[in-house]
Amino acid sequence: MERIESYVAGAWAFGSDKAATLVNPTTEEPIAEASTEGIDFARALDHARSVGGPALRALTFAQRGEILRTLSRAIHASRDALIEAAIQNGGNTRSDAKFDIDGASGTLAHYADLGKQLGDTRFLVDGDGVQLGRSPRFFGYHVLAPRSGAAVHINAFNFPAWGLAEKAACALLAGMPVVSKPATSTALVAYRIAKIFVDTGALPPGAFSFIGGSPGDLLEHLGGQDVLAFTGSADTGFTLRTRPSIARGSVRVNIEADSLNTAVLGPDVTQGSDTFRMFLREVYRDITQKAGQKCTAVRRILVPASVASDVRDELASMLAEAKVGDPSRDEVIVGPLATASQLRDARAGIGKLAAEAKIVLGDGPFERVGVSGDKGYFVPPTLLHCADPDAARAVHEHEVFGPVATLLPYEGKAERAAELVRRGGGMLVGSVYSDDRAFVGDILFDLLPFHGRVYLGSEKIADQTPGPGTVLPQSVHGGPGRAGGGEELGGLRGLAFYSQRTAVQGSRPVIEAILELKK
Ligand code: NAP
């Protein structure tokens, strides 16, 4: 069986005991094991801080960008092998796997471009300088310099490639060494990428470490110059945020968690229009892609009551066509969930939703293409219809992490739709499909404080967007409240988390000469 090793203090290591088993979620067969037992995490962090940090900080943004370019190309060169690993360990269809892996290389390439644009400097100046005294001589600037600790990244099981790469891209470009930990259950793809990264020889010693399994006591050793970026469930996020070592050390923490994302169909959108088809296509994609295991997937579908039954029927017939089964087969659209416990949680979650909404599609037996017996962690596309969204609670509060969404009728008023959307308590993304500017204008400002991203679908862009479920590195990713309160990416904004913003005050000519600023 393959061993998922860790890369710490410049060497590959496998733990001495207590290995976790990784399985193929289609067949339930064991495929790999992971153990970090006995690994010295304090030493691993010291190595990152004392060797990787100085080496990265000595490089310019352009040089760090070149490293990212090499990593991006290396992932792309191994694309086919990584896709196979994602099918095997993640239950991804080929298309799901590409979404994750191309997302990883694409995000690294984006930050490589930003590094090139920033050029031969090692820090960022934030905004314009400002006069602080009676005369313009006493002046101040804000400077963003890389923190001198380690950037610890803890990722969720659903995006082992993209999750690793999007966090690493920002940290490495900012000048911080990375200690990356994937979710153990689907760590195979992340492990292969870690091997690829190290094998490029592009990373300075200590700039990248990888933890293949439990993080042990790693978080106990974090301090004030370190940062922790976490993606996963709200419960784990809460546990991490409230750890005494994190709180006491004022460790900077970013949390990307659950989200009850909503798609709102505007009352102006007529059946058969480009915007209507776009809405159906994108909702369908979010329910089926990665078997619905996307933090950005639509969970609540708000439609004007007047068209609710038509939308329900069209969507249900589209979803009924999506074949479920062995993700290595070309005809399969929906693979298995990643683990047995995800399957248990999804089934229990559907039960909760079904207490306040009617299951339109997905109840009862279903065909599993190419799968023997009842093996595998499959959930068929499941659509529910909640006739009374005001009375419902679970629909707005419980994220079912699978190919599951609930249709909610509303009275066709922007204000009412926004009211229901906000009951999700803070979301990563909300989408509105409408060609009526007045409706969009009315709803947008009610949605903004509750979202990290709002996506406005309309006929003008119907043929050129990847949909709301795709996180683009140019835009911020994260969301307030229940979604974790975090923020990642967003081009150069993503570097701020890994940097200390320091106000520098003094004589203007002196500061400008040191910072090499042009007047
Ligand atoms: P999870 O169970 O919270 O685990 C996430 C990560 O945290 C894993 O790497 C896990 O490691 C680690 N972990 C768990 N307990 C820990 C502890 N006490 N100390 C340190 N690390 C710990 O979440 P998941 O099941 O992997 O992911 C699914 C959830 O993630 C969903 O709710 C989804 O919405 C959310 N998600 C959010 C985003 C976003 O960007 N907002 C993206 C993707 C997923 P082990 O695997 O080794 O236990």
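Residues numbered from 1 in each chain as written. Predicted model: local features only at pLDDT ≥ 70, side-chain atom pairs only at ≥ 80, totals over all residues. Heavy atoms only, no water.

Colleague: Help me understand the overall build of the protein chain, please; the structure alone is not making it clear to me.
Modeller: A count of helical and extended segments in the protein chain gives 15 helices and 23 strands. A compact globule built from 519 residues should have a C-alpha radius of gyration of about 24 Å, and the protein chain, at 24 Å, falls within 12% of that. Projected onto its principal axes, the C-alpha coordinates of the protein chain cover approximately 70 × 65 × 40 Å. The 519 residues of the protein chain split such that 56% are buried. Restricting the contact set of the protein chain to residue pairs at least 6 apart, pairs at least 24 apart contribute 77%. In the form shown here, the protein chain has an accessible surface area of approximately 20,600 Å², with 50% of it arising from carbon and sulfur atoms. (Helix = DSSP H or I, 4+ residues; strand = E, 2+ residues; numbered from the N terminus. Rg over C-alpha atoms; globule rule 2.2 N^0.38 Å. Buried < 20%, exposed > 50% of the residue type's maximum accessible area, 1.4 Å probe, protein only. Contact = heavy atoms within 4.5 Å. Areas by Shrake-Rupley, 256 points an atom, 1.4 Å probe, with all protein chains shown as cover.)

Colleague: When you look at the packing of helix H9 (residues 274-288) against helix H10 (residues 308-320) in this model, what are you seeing that I'm missing?
Modeller: Two quantities define a packed helix pair, namely the angle between the axes and the distance from one axis to the other. Close contact between H9 and H10 brings their axes to 10 Å; oriented N to C, the two are set at 50°. Between H9 and H10, the angle is such that the two are oblique. Between H9 and H10 lies a crossing of right-handed hand. Together, Phe 276, Phe 279, Leu 280, Arg 281, Val 283, Tyr 284, Ile 287 and Thr 288 of H9 and Val 311, Glu 314, Leu 315, Met 318 and Leu 319 of H10 make up the contact between the two elements. In terms of residue class, the contact of H9 with H10 is built from 10 nonpolar, 1 polar and 2 charged. (Axes fitted to C-alpha atoms, helices over the stretch in contact; angles between N-to-C directions. Parallel < 35°, antiparallel > 145°, perpendicular 65-115°, else oblique. Left-handed = near helix turned anticlockwise from the far one by under 90°. Nonpolar A, V, L, I, M, F, W, Y, C, P; charged D, E, K, R; others polar.)

Colleague: Mind showing me how you'd approach the pairing of strand S4 (residues 20-23) here?
Modeller: Sheet faces and side chains relate simply in a regular strand, where the side chains alternate between the two faces. As defined by bridge partners, S4 adjoins strand S5 (residues 30-34) across 4 bridges and the pair is classed as antiparallel. Bridging across to S5, Ala 20 finds its partner in Ala 34. The antiparallel pairing of S4 with S5 creates a hairpin that spans 6 residues between the two strands, and Glu 28 there sits at a positive phi of about 70°. (Pairing = 2+ DSSP bridges.)

Colleague: How do you make sense of H9 when you look at a structure like this?
Modeller: In an α-helix, one turn spans 3.6 residues; hence positions three or four apart end up facing the same way. When the terminal C-alpha atoms of H9 are compared, their 21 Å separation across 15 residues agrees well with the 21 Å that a helix rising 1.5 Å per residue should span. Every buried residue of H9 is listed here: Thr 275, Phe 276, Met 278, Phe 279, Leu 280, Glu 282, Val 283, Asp 286, Ile 287 and Thr 288. Along its buried surface, H9 packs onto strand S14 (261-265), strand S15 (298-304), H10, strand S18 (404-410), strand S19 (427-433) and strand S20 (451-457). (Expected span 1.5 Å × (residues − 1).)

Colleague: Just to check I follow, could you spell out the sheet that holds S14 for this structure?
Modeller: Strand pairs in the sheet, formed through backbone hydrogen bonds, run parallel or antiparallel to each other. An order of S16-S17-S18-S15-S14-S19-S20 is seen for the 7 strands of this open sheet, with the pairing classed as mixed. The outermost strands of the open sheet, each flanked by one partner alone, are strand S16 (358-361) and S20. Sheet twist, expressed as the mean angle between neighbouring strand axes with direction ignored, is 25°. Alignment of S16 against strand S17 (residues 382-385), held across 3 bridges, turns out to be antiparallel. Looking at S17, one finds that Ile 359 is bridged to Leu 384. Sheet contacts for H10: S14, S15, S16, S17 and S18; angle to S17, the most-contacted strand, approximately 165°.

Colleague: Just checking my understanding: could you explain the sheet that holds S4 for this structure?
Modeller: In spatial order, the strands read S1-S5-S4; together these 3 strands make up an open sheet with mixed pairing. Each of the sheet's edge strands pairs with one partner strand only, and the pair in question is strand S1 (2-4) and S4. On average, each strand axis in the sheet is tilted by 35° relative to the strand beside it, whichever way the strands run. Lying on the sheet, helix H6 (residues 187-200) is in contact with S1, S4 and S5; it crosses S1 at an angle near 75°.

Colleague: How should the domain arrangement of the protein chain be read in this particular structure?
Modeller: Interface size is often expressed as the accessible area that is lost when the parts come together. Looking at the assigned domains, one finds that the protein chain contains domain 1 (2-257 + 485-514) and domain 2 (261-473). A C-alpha centroid distance of 31 Å is found between domain 1 and domain 2. Between domain 1 and domain 2 lies a buried interface of about 2,200 Å² when both sides are counted; carbon and sulfur atoms form 60% of it. When the area that domain 1 buries against domain 2 is broken down by residue, the three leading residues are Thr 26, Phe 99 and Phe 157, summing to 26%. At the surface where domain 1 touches domain 2, the tally comes to 0 salt bridges. On the surface where domain 1 and domain 2 come into contact, there are 7 residue pairs in polar contact (both at pLDDT 80 or more). Considering every element that reaches the side of domain 1 that touches domain 2, the biggest residue donor is helix H4 (residues 94-118), with 7 residues. (Domains from an automatic or database assignment. Buried area = accessible area lost by both parts, 1.4 Å probe. Salt bridge = Lys/Arg side-chain N within 4 Å of Asp/Glu carboxyl O. Polar contact = N/O pair within 3.5 Å; in protein donor to acceptor, adjacent residues only side chain to side chain.)

Colleague: Can you walk me through the packing of aromatic side chains in this structure?
Modeller: In total, this model carries 12 aromatic pairs according to the counting rule given. Residues Trp 12 and Tyr 191 carry aromatic rings whose centres are separated by 5.8 Å and whose planes lie at 85° to one another, so their mutual orientation is edge-to-face. Taken together, the positions of Trp 12 in strand S3 (residues 11-13) and Tyr 191 in helix H6 put the pair 179 residues apart, joining distant regions of the chain. Summarising the aromatic geometry, the rings of Tyr 191 and Phe 210 are spaced 6.2 Å apart at their centres and angled 35° between planes, so their arrangement reads as tilted. Here Tyr 191 is found in helix H6, whereas its partner Phe 210 is found in strand S11 (residues 208-210), with 19 residues between them in sequence. Like Tyr 191, the residue Phe 210 is buried in the burial classification. The positively charged end of Lys 195 is found above the aromatic ring belonging to Trp 12, 4.3 Å away from the centroid. The ring of Phe 139 carries Arg 508 above its face, with NZ or CZ at 3.9 Å from the centroid. (Phe/Tyr/Trp six-rings, centres within 6.5 Å; stacked < 30°, edge-to-face > 60°. Lys NZ or Arg CZ within 6 Å of the ring centre and 35° of its normal.)

Colleague: Is there a simple way to think about the site of the ligand in this case?
Modeller: Neighbouring the ligand are 26 residues, the closest being Asn 155, Thr 184, Thr 236, Glu 399 and His 477. Backbone polar atom of Ala 183 to an oxygen atom of the ligand: 3.4 Å apart, as the coordinates give it. Here an oxygen atom of the ligand sits 2.7 Å away from a polar atom, N or O, in the side chain of Ser 233. Contact with the protein chains hides 81% of the accessible area of the ligand, taken as 910 Å² for the molecule alone. Mapped by element, the contributors of at least two residues to the shell around the ligand are strand S12 (227-231) and helix H7 (234-241). Here the shell around the ligand spans two domains, and each of domain 1 (2-257 + 485-514) and domain 2 (261-473) adds at least three residues to it. (Near = heavy atom within 4 Å.)

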